[in-house]
Amino acid sequence: MAVEEQRAGSRVSRPETRLARRGFTDPAKALRLLAEPALDGLAADPVLLDALAATADPDLALLGLSRLLEAAEETDRHTLRDTLTTSKPLRDRLLGVLGASTALADHLARHPHDWHVLVTFELRDMHPGPADFRRALAEAVAADTTGRPADALRVGYRRCLLAVAARDLTGTTDLAQTAAELADLAGATLQTALDLAAAQDPEADADCRLAVIGMGKCGGRELNYVSDVDVIFVAEPREGVEEHRAVRAATRLAAALTRLCADTTGEGTIWPVDANLRPEGRNGPLVRTLASHVAYYRRWAKTWEFQALLKARPVAGDAELGEAYVAELAPMVWQAAARENFVADVQQMRRRVIDSIPATELDRQLKLGPGGLRDVEFSVQLLQLVHGRTDEALRSGNTLEALAALSRGGYVGRADAASLDAAYRFLRSLEHRIQLHRLRRTHLMPTEDEDRRRLARSLAPLINDDTRADPVAALQREWKRHAVEVRRLHEKLFYRPLLDAVAELPPGAAGLRQDAARARLEALGYADPAAALRHLSALAAGVSRKAAIQRTLLPVLLGWFADSADPDAGLLNFRQVSDALGRTPWYLRLLRDESAAAEQLARVLSAGRLAPDLLLRAPEAVAMLGDPQGLVPRGRPALEREVLAAVRRADSVAGAVAAVRSVRRRELFRTAAADVLGRLGEDPAQALDAAGEALTALNAATLQGALRACVAGWEARNGELPTRIAVIAMGRFGGHELGYGSDADVLFVHEPVLGSLEEEAARAAQAVCHELRTLLAAPSTEPPLEVDADLRPEGRNGPLVRSLASYTAYYRRWSHAWESQALLRAEPVAGDPELGERFRQLIDPLRFPGEGVPERDVLEIRRIKARIEAERLPRGADPTTHTKIGRGGLADVEWTVQLLQLRHGHELPGLRTTRTRAALAAAVGAGLVGAEDAEVLDAAWVLASRVRSAVMLVRGRPGDSFPVDTRELAGVARYLGYGAGHSGELVDDYRRTTRRARSVVERLFYG
């Protein structure tokens, strides 16, 4: 009995096994469907089963066929069954649709007679055009007997879509033809909807001429199965009609057209009509006259709006008006690349698109993600707009046609164009198949294996891999292969041909012409394209290994240079560094193998003059860019160990100080590079404090090393030094708030050793300190360190060095209020530490007086501050933007904080600090300043300090005002986080911030 049951079970399982081998994932369900009356007689037909097995999803195809046969009238059912068994073209088209699209299967179940369109369209025209679609839709609407023409339009649209999808799925048409047919169908639908709207509102139709301009993929004849259809409406009054009346009438027609296409009825939505690409977007009027459009684009349009107009094409309505619209605006489109910051605007828009993608979707985005369709489209459009100014062959709204034209013209290499063409076709085909399943607008790769399996089977001819064993894995590999290729498209399409323009090409190769190369460099923002081409030629021409590596590096580097405020400087600096290090084996290897180092070098070289100038004096510092810890500023102990060791190795005082200055130059570059690259902290105030600490430690170590060298030199000539010397930092140096262009403000103090004569000790100290200042500021290949001792008693008229006893006597008898204020920032930084500490003890009662500062001194400090504002501002300087003395600038904030320190420092330990921000925070904690006021002052001080640092980094020389040169101002703005073209916003923000600070200063400082 058991054996008989086993044999019976085996017999039952054989049909299921055969179905499983044909690709059915649920053979049992398939058997039940095949046994239903609607399919009776077809179940045993091997031809039908083989045809089902060839579809993307045999289970889905069988279910759809069953539903169709069941819904069909009996006579039509027999006709369909007979046609299925006798006509291979019809069988393949119908089953192909049913196996790929549940949405179209649903449509056939509701309208079973529509399967005939798969025959009639085939007989009428292999590739139906706009007229065919318009005729079909008009017939559908005319045949309506329900009184619901909108529903009839939707049914007619789906019927046409069924025919397009059938040819697409069976390979009768390629991607380009399918996308063109979808766009033509969209245009026909818009025209039919407009005809319906005109029939419903004949008065409006009599008042105006209305043209519908297709934009985006509709305008480019490369539409998706499911997509918003982007349009712009343009209208003109008919003869004798006032303009405002015609525009109102046209607006009624446009709104009715939009509703007819987008409203959800019993037959569902066709697609949304999106008019947001119109002037002013959704905030602008839905319809404008031609003159109004032209006026807007001439005066107000942004770069992206001209990029969008590249695909503009009349698709419905008044054809003559539509052509006039395109003719009027086309000249503006092809001059858009001459706009300031054109490339930066386009690239920034692309970055914004990527940044807007949710993190959970980034790896599934076929359209917007890195390596997606938008990457190809943006790059092709960018090249079209740059070179289409002079080459009309490039003026196509279709991506694939434009890519082919760019290749023919030599703007894109042939192999690159072919590779990108293939990638684009695959990604668009994948997007089509995803959307076709449920006719939903999506650009995300599905996550379910069932969906991916259907996609892989549908796209098998496009996958360069065997999809039979593991179709899902094969699809994933093919997708990623194309995405990786597309990720390189910006380098491939935009930068590499520039090298072809300066290098020898193989015979017959189409290269970028010199004039085209210059046009591209101009669009990238290079002010001197001819010089840039010379630099590229010097770097990349020839057959040497160095030139070969440079040809690999330069396309990427050019992009990074172009992303800066001064691409010319970046490229020039790179050439100079490469000339100095090009024969050094590790240099090019570092840049080739360490992409982060190459990018960091490009950013540093194009960010301003200071860091490149420092680097060019010793190009081997490039190596620190390849070290993970290379851009971490070193602390003072490590710096002092190095400089003192260098001093000991030197054989002369001048040589020792030169070695110290060399260390300083290298560390200045380290700090400046870290700052430019954002390595000092994410928060601007944090980065500013870190730079101040690093520069303070560096100058302190420099003074310590130079002092040691000068003392050793004196002793080598004269014997043991008869005094001890300490260096006291003052001003921003003492406050650990140094900028890149700051002098080292100091006081020199000495104390004779026991048994030494006062005069002899003073002469020795004077000689040592004078030599220190001279050697640190002497002309050299190393940057100078100006040691400023003008804050000493009696200023520059007093002795350079005083003994501790002399300071004591002076401060007891002659000290002024301003000197007590200056001493608030005094801090020992070099020389004898014990002497420095005794000096600190001497001045503490002066800067933090026990009973607070007398009122007469407060009045004196206020009087001095007012005089400085009136007399010290440079002639012609704008007081609203001068960072030091200007309104709400550094002096305003610092004097306000210092007055609080003088008044309350004796009773509040937190105020006994040389740092401005720390003292301000302590004043808030003590209730001396409100938190809101302190925040205003702190913001102004930080911004003013960062502007000064930016000016020095960009110009290579210090300045207290914003640069007049537009490039330099753009560099300052870029350092401060403002995008290209937003320098004016920086100045406005600075004025607003400091204006608020000035109002606080007037209350807190002046009373």
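Computed from a prediction, not measured in an experiment: that's the story for all the values here.

Structural notes on the overall build of the protein
Okay, step 1: Assigned secondary structure in the protein consists of 45 helices and 10 strands.
Okay, step 2: Scaling as 2.2 N^0.38, a compact globule of 1007 residues should have a C-alpha radius of gyration of about 30 Å, whereas the protein reaches 39 Å, well beyond that.
Okay, step 3: With the C-alpha coordinates of the protein rotated into their principal frame, the extents come out at 130 × 80 × 70 Å.
Okay, step 4: Counting over 1007 residues, the protein shows a buried share of 55%.

Here we look at the nonpolar core
Okay, step 1: By size, the foremost hydrophobic cluster in this structure holds 129 residues, and its most contacted members are Tyr297, Phe574 and Phe748.
Okay, step 2: Ranked by residues supplied to this core, first place goes to helix H34 (residues 684–718) with 14 residues.
Okay, step 3: What tyrosine 297 contacts, discounting residues up to four positions off in sequence, is Ile232, Leu277, Pro279, Glu305, Phe306, Leu309, Tyr325, Leu329 and Met332.
Okay, step 4: In terms of nonpolar packing, the next biggest core, distinct from the first, is built from 86 residues, Ala150, Leu161, Leu190 and Ala246 among them.

Here we look at the packing of aromatic side chains
Okay, step 1: All told, the structure shown has 11 aromatic pairs when counted by the stated rule.
Okay, step 2: Judged by centre distance (5.7 Å) and plane angle (70 degrees), the rings of tyrosine 810 and tyrosine 811 are edge-to-face. For the pair formed by tyrosine 810 and tyrosine 811, the shared burial category is buried.
Okay, step 3: Positioned above the aromatic ring of tryptophan 479 is the side chain of lysine 480, whose terminal nitrogen or guanidinium carbon lies 4.0 Å from the ring centre.

Here's the deal with the state of the cysteines
Okay, step 1: On inspection of all chains with the given rule, the structure shows zero disulfides.
Okay, step 2: Of all cysteine sulfurs in the structure, the one in cysteine 261 sits closest to cysteine 160, which takes part in no disulfide; the separation is 13 Å.
Okay, step 3: Here cysteine 208 is not cross-linked by a disulfide; its sulfur's nearest cysteine counterpart is in cysteine 261, at 17 Å.
Okay, step 4: Among the residues examined, cysteine 208 registers a relative accessible area of 1% and is labelled buried.

Digging into the packing of helix H9 (residues 130–142) against helix H10 (residues 149–169)
Okay, step 1: H10 packs onto H9 with a crossing angle of 140 degrees between their chain directions and a minimal axis gap of 8 Å. As far as their axial angle goes, H10 and H9 are oblique. Note that H9 runs across H10; the crossing there is right-handed. Touching Phe133, Ala136, Leu137, Ala140 and Val141 of H9 are Pro149, Ala152, Leu153, Gly156, Tyr157, Arg159, Cys160 and Val164, all from H10.
Okay, step 2: Looking at side-chain class alone, the contact of H9 with H10 contains 11 nonpolar, one polar and one charged residues.

Here we look at H9
For an α-helix the count is 3.6 residues per turn, leaving residues at separations of three or four pointing the same way.
Okay, step 1: For H9, spanning 13 residues, the distance from its first C-alpha to its last is 18 Å, which sits close to the expected 18 Å at 1.5 Å a residue.
Okay, step 2: Taken residue by residue, H9 has Asp132, Phe133, Ala136, Leu137, Ala140 and Val141 as its buried positions. For H9, the buried positions fall inside an angular range of 165 degrees around the axis, keeping them on one side. Opposite the buried face of H9, by more than 90 degrees, sit the exposed residues Ala131 and Ala142.

With respect to the packing of helix H29 (residues 585–593) against helix H30 (residues 595–605)
Okay, step 1: It is at 5 Å that the axes of H29 and H30 come closest, and there the two elements cross at 105 degrees. What the angle tells us is that H29 and H30 run roughly perpendicular. Contacts from Tyr587, Leu590, Leu591 and Asp593 in H29 reach Ser595, Ala597, Ala598 and Leu601 in H30.
Okay, step 2: Looking at the contact of H29 with H30, its residues break down into six nonpolar, one polar and one charged.

Observations concerning a negative patch on the surface
Okay, step 1: Taken together, the side chains of Glu448, Asp449, Glu450 and Asp470 make up a negatively charged region of the molecular surface.
Okay, step 2: Along the polypeptide, glutamate 450 turns up in helix H22 (residues 449–458).
Okay, step 3: Note on glutamate 450: relative accessible area 58%, which makes it exposed.

Overview of the pairing of strand S2 (residues 229–237)
Okay, step 1: Among the nine residues that make up S2, seven are buried, leaving the element largely enclosed by the rest of the structure.
Okay, step 2: Of the strand pairs in this sheet, strand S1 (residues 208–214) and S2 are connected by seven bridges, and their pairing is antiparallel. Looking at the pairing, glycine 214 lines up with valine 231 of S2.
Okay, step 3: Note: S2 against strand S3 (residues 273–274), two bridges, orientation parallel. Across the sheet, valine 229 pairs through a bridge with valine 273, a residue of S3.
Okay, step 4: As paired elements, S2 and strand S4 (residues 287–289) share three bridges and run parallel to each other. Residue pairing across strands places alanine 235 opposite threonine 289, the latter belonging to S4.

A short note on the side chain of arginine 81
Okay, step 1: Within the secondary structure layout, arginine 81 lies in helix H5 (residues 74–86).
Okay, step 2: In this structure the side chain of arginine 81 is engaged in a polar contact, spanning 2.9 Å, whose partner is the backbone oxygen of alanine 38.
Okay, step 3: Those residues in contact with arginine 81 that lie beyond four places of it in its chain are Pro37, Ala38, Leu39, Asp40, Gly41, Leu42 and Leu69.

Observations concerning the pattern of salt bridges
Okay, step 1: Scanning all chains against the criterion turns up 66 salt bridges.
Okay, step 2: Its salt-bridge partner being glutamate 640, residue arginine 636 comes within 2.5 Å of it at the nearest N-O pair. In this pair, arginine 636 and glutamate 640 are both assigned in helix H32 (residues 636–649), four residues apart and thus about one turn of the helix distant.
Okay, step 3: Taking relative accessible area as the criterion, glutamate 640 reaches 17% and is therefore assigned buried.
Okay, step 4: Of the charged contacts, one joins glutamate 894 and arginine 825 as a salt bridge, the two residues approaching to 3.3 Å between their closest N and O atoms. Placement of the pair is glutamate 894 in helix H41 (residues 890–904) and arginine 825 in the loop between helix H38 (817–822) and strand S10 (827–831), with a sequence separation of 69 residues.
Okay, step 5: On the basis of relative accessibility, which here comes to 10%, the residue glutamate 894 falls in the buried class.
Okay, step 6: Taken together, the salt bridges that share partners define one network made up of Arg634, Glu642, Arg666, Glu667 and Arg670.

Overview of H29
Okay, step 1: Buried within H29 are the following residues: Tyr587, Leu588, Leu590 and Leu591. Along the axis of H29, the buried positions cluster into a sector of 155 degrees, meaning they face one direction only.
Okay, step 2: The inward-facing, buried residues of H29 abut helix H27 (545–562), helix H28 (567–581) and H30.

Structural notes on the side chain of glutamine 365
Okay, step 1: Turning to its location among the elements, glutamine 365 is positioned in the loop between helix H18 (342–355) and helix H19 (373–387).
Okay, step 2: Glutamine 365 sits in the buried class, given a relative accessible area of 11%.
Okay, step 3: At a separation of 3.3 Å, a polar atom in the side chain of glutamine 365 contacts the main-chain amide nitrogen of lysine 367.
Okay, step 4: Ignoring anything within four residues of it in the chain, the contact list for glutamine 365 reads Ile357, His443 and Leu444.

Here we look at the environment of valine 376
Okay, step 1: Summarising the element assignment, valine 376 is placed in helix H19.
Okay, step 2: Linking valine 376 and leucine 489, residues 113 residues apart in sequence, is a C-alpha distance of 6.8 Å.

Comments concerning the environment of proline 909
Okay, step 1: Residue position: proline 909 is located in the loop between H41 and helix H42 (916–925).
Okay, step 2: Of the residues examined, proline 909 reaches a relative accessible area of 56% and is grouped as exposed.
Okay, step 3: Through-space distance from the C-alpha of proline 909 to that of valine 380 is 65 Å; in sequence the pair is 529 residues apart.

Comments concerning the confidence of the model for the protein
Okay, step 1: Per-residue confidence for the protein averages 90 on the pLDDT scale, and 95% of its residues sit at or above 70.
Okay, step 2: Confidence scores differ between elements of the protein, with helix H1 (residues 2–21) showing the lowest mean pLDDT of 60 and S1 the highest of 98.
Okay, step 3: Here residues 1–12 scores under 50 on pLDDT; set against residues more than four positions off or in separate chains, the count is zero contacts.

Re unusual backbone geometry
Okay, step 1: Positive phi, close to 55 degrees, is recorded for arginine 221, a residue that is not glycine.
Okay, step 2: Its place among the elements puts arginine 221 in the loop between helix H13 (216–219) and S2.
Okay, step 3: Non-glycine residue glutamate 794 carries a positive phi angle of around 70 degrees.
Okay, step 4: Inspection of the secondary structure puts glutamate 794 in the loop between strand S8 (787–788) and strand S9 (801–803).
Okay, step 5: Overall, the relative accessible area of 46% leaves glutamate 794 in the partly exposed class.

Cut-offs applied
Residues numbered from 1 in each chain as written. Predicted model: local features only at pLDDT ≥ 70, side-chain atom pairs only at ≥ 80, totals over all residues. Heavy atoms only, no water. Helix = DSSP H or I, 4+ residues; strand = E, 2+ residues; numbered from the N terminus. Rg over C-alpha atoms; globule rule 2.2 N^0.38 Å. Buried < 20%, exposed > 50% of the residue type's maximum accessible area, 1.4 Å probe, protein only. Core = buried A, V, L, I, M, F, W, Y, C linked by side-chain atoms within 4.5 Å. Contact = heavy atoms within 4.5 Å. Phe/Tyr/Trp six-rings, centres within 6.5 Å; stacked < 30°, edge-to-face > 60°. Lys NZ or Arg CZ within 6 Å of the ring centre and 35° of its normal. Disulfide = S-S within 2.5 Å. Axes fitted to C-alpha atoms, helices over the stretch in contact; angles between N-to-C directions. Parallel < 35°, antiparallel > 145°, perpendicular 65-115°, else oblique. Left-handed = near helix turned anticlockwise from the far one by under 90°. Nonpolar A, V, L, I, M, F, W, Y, C, P; charged D, E, K, R; others polar. Expected span 1.5 Å × (residues − 1). Arc of directions from axis to C-beta. Patch = residues over 30% accessible without salt bridge, like charges linked within 9 Å, V, L, I, M, F, W, Y side chains within 5 Å. Areas by Shrake-Rupley, 256 points an atom, 1.4 Å probe, with all protein chains shown as cover. Salt bridge = Lys/Arg side-chain N within 4 Å of Asp/Glu carboxyl O. Lys, Arg positive; Asp, Glu negative; His and termini not counted. Charge placed at Lys NZ, Arg CZ, Asp CG, Glu CD. Pairing = 2+ DSSP bridges. Polar contact = N/O pair within 3.5 Å; in protein donor to acceptor, adjacent residues only side chain to side chain. pLDDT = per-residue confidence, 0-100.

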